[in-house]
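This is what each chain is made of:
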Amino acid sequence: MTQALARGSNARIVLLVAAAFILVGWIWVAPFSLLGTANLSMTYALVAISLVVLTGWVGQISLAHASFVGIGAFVTGVVTRSWSLPFPLTLPVAGLAAGGVAALLGVVALRVRGLYLAVATLIFAWMAQEYLFNQPWLAGTGGSAEAPARAIGVKGAFPYLNFVERRTFYFVLLTVLAAAVLGSANLRDSKTGRAWFAVKGSEIAAASLGIDVTRYKLLAFAVSGFIAGVAGNLVITHQQVATTSSFAPNVSLFYLAIAVVGGLTSLPGAVASGVLFASLEELFYRVEALSGFLEIVSAGLLAVVLLFFPAGLSGIPSRLDAPARVVGRWLLAAPTSILAAWRARGHVPTDRSEEMPDALAGGGGVDDAAVPSPATATAHQPRLRVPSRRGPVNTPDALAQTLVKVTAEAMGVVPEQLQPNAPVVAAHATPAVHYEPGTATKIDLPPRPERPIVLAARDITVRFGGLTAVDTAQLEVRQGEIVGLIGPNGAGKTTLFNAISGLNEPTSGTVELFGNDVTNLPVHERARRGMGRTFQMIQLFPQLSVFENLLVATHVRNATGFVGHLTASWGAVEKERASRERVRHVVDILNLQDVAHRPVTGLPFGVLRLVEVARALVTGAPFVMLDEPASGLDNAETDRLTDLLLWVRQSLGVALLVIEHDVKMVTGLTDYMYVIERGRPIADGTPAEVQRNEAVIAAYLGKPGKAEDRELVAAGAPAEDR
Amino acid sequence: MIFFLTQLVLATPLVAAYALFALGIVLIYRASRVLNLAHGVMAMVPAYVSFRLRELGLPMPVAILLGVASGAALGAAVEAVFVRRLRKVSPTAQTVGTVAVYGLGVAVIARVFGTTPVRPESAFGDGEILFGSAGISHGQIGLIVVACILTALLFALFRFTSLGLAMRGSASNRTAAALMGVNPDRTTAVAWMMGGALAAVAGIMLSSVSTLDPFGFPLQALPAFVAALIGGLGSMPGALAGSLVVGLTIGAVPGLTNAPIIGGFVSSIGASQAVLAVVAFVVMAMRGEKLSASNVRSAGLS
Amino acid sequence: MLEVSGIDVFYGPIQALRGVSLRVEPGEMVALVGANGAGKTTTLRTVSGLLAPASGQIRFDGKSIDGQPPWEVVSAGIAHLPEGRELFADMSVVDNLRLGNWTLRRKREFRKRMDRVMDHFPILRERSSQAAGTLSGGEQQMLGVARALMSTPRLLVVDELSLGLAPKIVAQLFEILDEVNAEGTSVLLVEQFVHMALEHTDRAYVLVKGEVALEDESRELLRSPELMAAYLGEAEVDVADAADAADGELATSHANGKARHGAESDA
């Protein structure tokens, strides 16, 4: 879909037509056996693609894919024999059957990880071979099933398709493979694909960005299973018969080898690997001396790639010259961009107000041509709605305020005219929406009790087994403020923090966010209600660039669905464009242009911390929790971070909750502090009050024998009265 | 009823085989946090080695000994080549590494020995002891006895020797073990060798009471994975308990063919495997981990 | 005895230590203090071999040990009790001690040594066959110290003895360290509770953001406002009050609640 955003060029169209000619034309001049190899390659490529989606992109190991292919094949056999369903109709049936079973296996994946999942899928594959594929109703008797597929049409006349014929099958396979590659590529470049990468990169970070990890894992299993089932359907349709031994567990291992050799995450790699393995099979079949070595070579290739060439075949292009690499990528981009260009040609921009409303009342992007007049905007009373099965959720958008300002400036109006419900802080907000270091100041906030509550944690108690980690802690964050949570090591800060963000379940107590009770909501639901967070151990997605990491964060703002992504529908493409605009906006604000398109691995640590903050900002969450954001930063970097956070609060109106050990940093940053020791809150107040607090000093310096004093202070006795 | 009990008794050799497999799997897992998917192959290769040596005329004990040695060597090789090198990549990569070993093992054996099943001779002779209408062969009894002896030896090793102590410490806490003066890489290698040897014994014994072929035989170890999973993967006694459950399940299922209602399902091909798979999934679902805070923070900076 | 010279240590791209130098003389008890994230634990882990310095040197008894793996460093005579103890949680108390004894396993005096070590920690005798993970926090820490002592180290390296423990138990543990030090074992400890650390040690180093900011005799540092500033931030702390309060504590070191009232005169 990325390519869909670029304009199609004439050169690409020419190239595509030429490629089509070659792909179609060569079969009339090639020897018959080569056609068989080509068909086999495409079958392998199809299964490899299904593994790329599941194991490569989402990181879920599957050693059961041959079984899914088998399910597709045998189900096809059943519906062909029992209901005489003709070929094209059997294809979705097979896909859905295999996809459904795969999704069931995915439910297991939700509970187990990595190695356990590998064993679970292997056990499934074994069970399928021993039990499922021996059931007469599914696989016929004697270990083989028949699927007498009718030919379509009348012999001699044009639309005559006999799928047993190699040429016919070639075209069918080509079409299906092309559709699979295109669809997968579209998914990869869409919100769905990014959610998948996020799940693989860091499930916790993904959830904190509003991604429903469960749903996306199951979706990946279903999609992957569907493609494998389709492959099975095609095979049996062509061969008219399928035997159980073709779907044994070691065939699954073979398929995994194909995917890994291709590079596991790469679609062109999967296709190339399919070609490679099919060619090897043909070669070894022909040459007497090599017979029996095929399996050795396949397994050997797998081992070699694992140990020495982790990127597999897809890594080859990057080893060639840059021009060759560019050409390669460009070629692969051709088909999708053609399609998009074709669509774009006749398209007329629709009235933006029909799209999902947002505080900007017109999509997330700043596109002069489409910005509505203030009249329409106020008439719309923009409220953000993120539709979901659980009912609409009103996701507040802090970033929208700056977008509003930019638009207002462009239109020469006052921001409040565009956004009637501006936050309290807007009055103090500077007109610049660009982060200039050193411009942020500690602002004078209205008295605390007068400001609305953003987050309230009440009576939070967290017990692990016999240990009480947090004991009736209270914490509030009010609008426009920066709150600090400090305490000695092992005091329970992190546990409390995680209870608020949803990673821990408190034994008792409640958490309210913007007035909504979120105590029982999972992490991603809290994210959708306006809670963002960063992590002490950086949880950026390692295989993505900075820009792509930020793009994942647009998830909550993007209401487009799976089908839209799969087909690169106009709505999906537009939303993609809008999401990218939004990220570009944040990149501009924070001056991240230089690093935006670099992969996150290899960037200096200070920059990574900044990117994590940026990612939270992209979600537009008006409340962000930061877990030891200065950890690992030196003095200068810490000062820069403090400055940035102050600016974020001032210009975007975002309220912050910060855990930190660096007391100096926290006192310079926050408006209000909570101190926790051994699970209990021992003090709260402004930084000045807290620093003078005897109990706090004692807690940090560890003076024995101050227990009574602490209680005295906590009870409110004035400092002199000890 | 008699029939059912007979089936259970007949399953005892299976329990023994699975116990040996599961012990090896757990040993390896505790030492390196890797599930050795190639365990079945590490049982099969030594079985073939011992078979070929016997064919070449070597005395039975020598052939078996060398077979077991080949199993240990294979374990050490896999650890050195795949597990150690891929440790810094990810546990997933290590697991896929064992998959590669599986593929290579099957492929090489198929090439060298062909795919026709063979029947190695039993170390314990061909006699049989009869239970009513069913019989347990000497080979199967031998399997049970050897399994018991090896299990006892293993437990003794861990309880009473310094090597055992070092291995337990390493498995419990790698960092702490290093600080005590134990080299965790070395204990891991030993664990893999022992796991390989255990698999070899199981493979050699088992192949002589069933058949040996490159594609089917490695899958015999799969129920042992279920056994290890049931036992919790972290403990040897757990592995034994799991093997009991698994072996009895596989034995008991055919024994229920005369039972009402489920008799029909149970007599279909592969019913015991299906039951076992369900059991495995249920266990995994109950033991599973959800998204939790413990995943967020590991050793931090300070 | 232990000489660390100018070590730089990195976690991936992050520099955790910049040119850190320190030394521990035979019989000394030295403290390493500083805020979290300053690099204290990193320093200890580099000394014991869990981390390797990118540059700089570490010498123990004149022999270079930087870059050596931990299992070799411990045989040189350094025992490291890591932050969080890192016990063998599923193994018994005795087994934990047996592993502590690993470097001396060939010398057959395990029983004798265990008895001597248990003399410091009678409670462990009662729990000798219990799994280490079932002990209370304080008992676990005691086991950690006991286990470290089993190898009769010449230098005991202790990281955050007080983590998660009540002050009374921490005081007890520090007393035991005093005894161990009196018996001739040098001690290098990292401690979050500055006051406790400074009270029991001869010298101390203050680490700030990966560098040694202060080095002095512990007694002197106790009196020093700069120390407090390094901790609590410069601007708004009433440093003088805090320093005087700390001074008042010098008179006693027991968790019996009398200290505060007894010594309070100037504040």
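Everything numeric in this text was worked out from a predicted model, so none of it was measured.

What counts, and at which threshold
- Residues numbered from 1 in each chain as written.
- Chains lettered and ligands numbered in written order.
- Predicted model: local features only at pLDDT ≥ 70, side-chain atom pairs only at ≥ 80, totals over all residues.
- Helix = DSSP H or I, 4+ residues; strand = E, 2+ residues; numbered from the N terminus.
- Rg over C-alpha atoms; globule rule 2.2 N^0.38 Å.
- Buried ≥ 20, exposed ≤ 12 C-beta atoms within 10 Å, placed from the backbone.
- Contact = placed C-beta atoms within 7 Å.
- Axes fitted to C-alpha atoms, helices over the stretch in contact; angles between N-to-C directions.
- Parallel < 35°, antiparallel > 145°, perpendicular 65-115°, else oblique.
- Nonpolar A, V, L, I, M, F, W, Y, C, P; charged D, E, K, R; others polar.
- Pairing = 2+ DSSP bridges.
- pLDDT = per-residue confidence, 0-100.
- Left-handed = near helix turned anticlockwise from the far one by under 90°.
- Core = buried A, V, L, I, M, F, W, Y, C linked by C-beta atoms within 7 Å.

## So, the overall build of chain B
Assigned secondary structure in chain B consists of 13 helices and two strands. Computed over its C-alpha atoms, the radius of gyration of chain B comes to 20 Å, within 12% of the 19 Å expected for a compact globule of 302 residues. Among the 302 residues that make up chain B, the fraction classed as buried is 52%. Looking at chain B alone, contacts between residues at least 24 apart form 71% of all its contacts between residues at least 6 apart.

## A few points about the packing of helix H3 (residues 32-57) of chain A against helix H11 (residues 213-239) of chain A
Residues and elements named next belong to chain A. In the contact formed by H3 and H11, the axes pass within 8 Å of each other and the chain directions differ by 170°. As the angle between them shows, H3 and H11 are arranged roughly antiparallel. Contact with H3, carried on its side by Thr43, Leu46, Val47, Ile49, Ser50, Val53 and Leu54, involves Ala220, Phe221, Val223, Ser224, Ile227, Ala228, Val230, Ala231, Leu234 and Val235 of H11 and no other residues of that element.

## Notes on the interface of chain A and chain B
With 51 residues of chain A at the contact, the number on the chain B side is 47 residues. Elements with a minimum of two residues in the side of chain A that touches chain B: helix H5 (87-111), helix H6 (114-130), helix H10 (203-208), helix H12 (249-262), helix H14 (294-308) and helix H20 (493-501) of chain A. At 12 residues, the largest contribution of residues to the side of chain A that touches chain B is made by H6 of chain A. Residue composition of the side of chain A that touches chain B, by class: 33 nonpolar, 13 polar and five charged.

## Observations concerning the pairing of strand E6 (residues 78-81) of chain C
Residues and elements named next belong to chain C. Burial along E6 is two-sided: Ile78 and His80 and Ala79 and Leu81, pointing in opposite directions, are all buried. Bridge count for E6 against strand E7 (residues 155-159) is four bridges, and the pairing is parallel. Directly across from Ile78, in E7, lies its bridge partner Leu155.

## Observations concerning the confidence of the model for chain C
When pLDDT is averaged across chain C, the result is 80; 84% of the residues are at 70 or more. As scored by the predictor, the complex reaches a pTM of 0.80 and an ipTM of 0.88.

## A few points about the sheet that holds strand E6 (residues 508-513) of chain A
Residue and element names in this part refer to chain A. The four strands lie next to each other as E4-E3-E6-E7, forming an open sheet whose pairing is antiparallel. The open sheet has two free edges, formed respectively by strand E4 (467-478) and strand E7 (516-517), since each of these has just one partner strand. The pairing of E6 with E7 spans two bridges and is antiparallel. Pairing of Leu513 across the sheet is with Asn516, part of E7. Each of strand E3 (453-464), E4 and E6 touches H20; the most contacted strand, E3, lies at about 120° to it.

## Comments concerning the packing of H3 of chain A against helix H13 (residues 267-286) of chain A
All names here are of chain A. Close contact between H3 and H13 brings their axes to 7 Å; oriented N to C, the two are set at 140°. Judged by the inter-axis angle, H3 sits oblique to H13. Relative to H13, H3 is oriented so that their crossing is right-handed. Within the contact between the two elements, H3 uses Thr37, Leu40, Ser41, Met42, Tyr44, Ala45, Ala48, Ile49 and Val52 and H13 uses Leu267, Ala270, Val271, Ser273, Gly274, Val275, Phe277, Ala278, Ser279, Glu281 and Glu282. Split by residue class, the contact of H3 with H13 holds 13 nonpolar, five polar and two charged.

## What to know about unusual backbone geometry
Residue and element names in this part refer to chain A. Not every positive phi belongs to a glycine, and Leu264 is a case in point at roughly 60°. When you line up the elements, Leu264 lands in the loop between H12 and H13. Assessed through the 24 C-beta atoms surrounding it within 10 Å, Leu264 is described here as buried.

## As for the environment of Val15 of chain B
Residues and elements named next belong to chain B. Residue position: Val15 is located in helix H2 (residues 12-32). Residue Val15 is classed as buried on the basis of its C-beta count, with 24 C-beta atoms lying within 10 Å. Between the alpha carbons of Val15 and Gly97 there is a distance of 28 Å; along the sequence they are 82 residues apart. When near neighbours in sequence (up to four residues on either side) are disregarded, Val15 contacts Ser243, Leu244, Gly247 and Leu248.

## Structural notes on the nonpolar core
Soluble, globular proteins show a tendency: their nonpolar side chains are buried together. With 377 residues, the main nonpolar core has Ala48, Ile49 and Ile123 of chain A together with Phe21 and Ala22 of chain B as its most contacted residues. With 16 residues, H2 of chain B is the single largest residue contributor to this core. Every residue in contact with Ile123 of chain A, bar those within four places of it in the chain, is listed here: Leu222, Phe225, Val226, Ala277 and Ala280 of chain B.

## Focus: the sheet that holds strand E9 (residues 623-627) of chain A
Sheets are built from strands paired through backbone hydrogen bonds, the pairs being either parallel or antiparallel. Residues and elements named next belong to chain A. Strand order in the open sheet formed by six strands is E8-E9-E10-E5-E11-E12, and the pairing between neighbours is mixed. Strands at the two margins of the open sheet, each flanked by one partner only, are strand E8 (531-534) and strand E12 (680-685). Between one strand axis and the next, the sheet turns by 15° as a mean value, whatever way the strands run. Note that E8 and E9 share four bridges and pair parallel. In the strand pairing of E9, Gly532 is matched with Val624. On top of the sheet, H20 reaches strand E5 (482-486), E8, E9, strand E10 (655-659) and strand E11 (672-677); it is set at about 150° to E9, its chief contact. Packing against the sheet, helix H25 (residues 605-618) makes contact with E8 and E9, and its axis sits at approximately 170° to E8.

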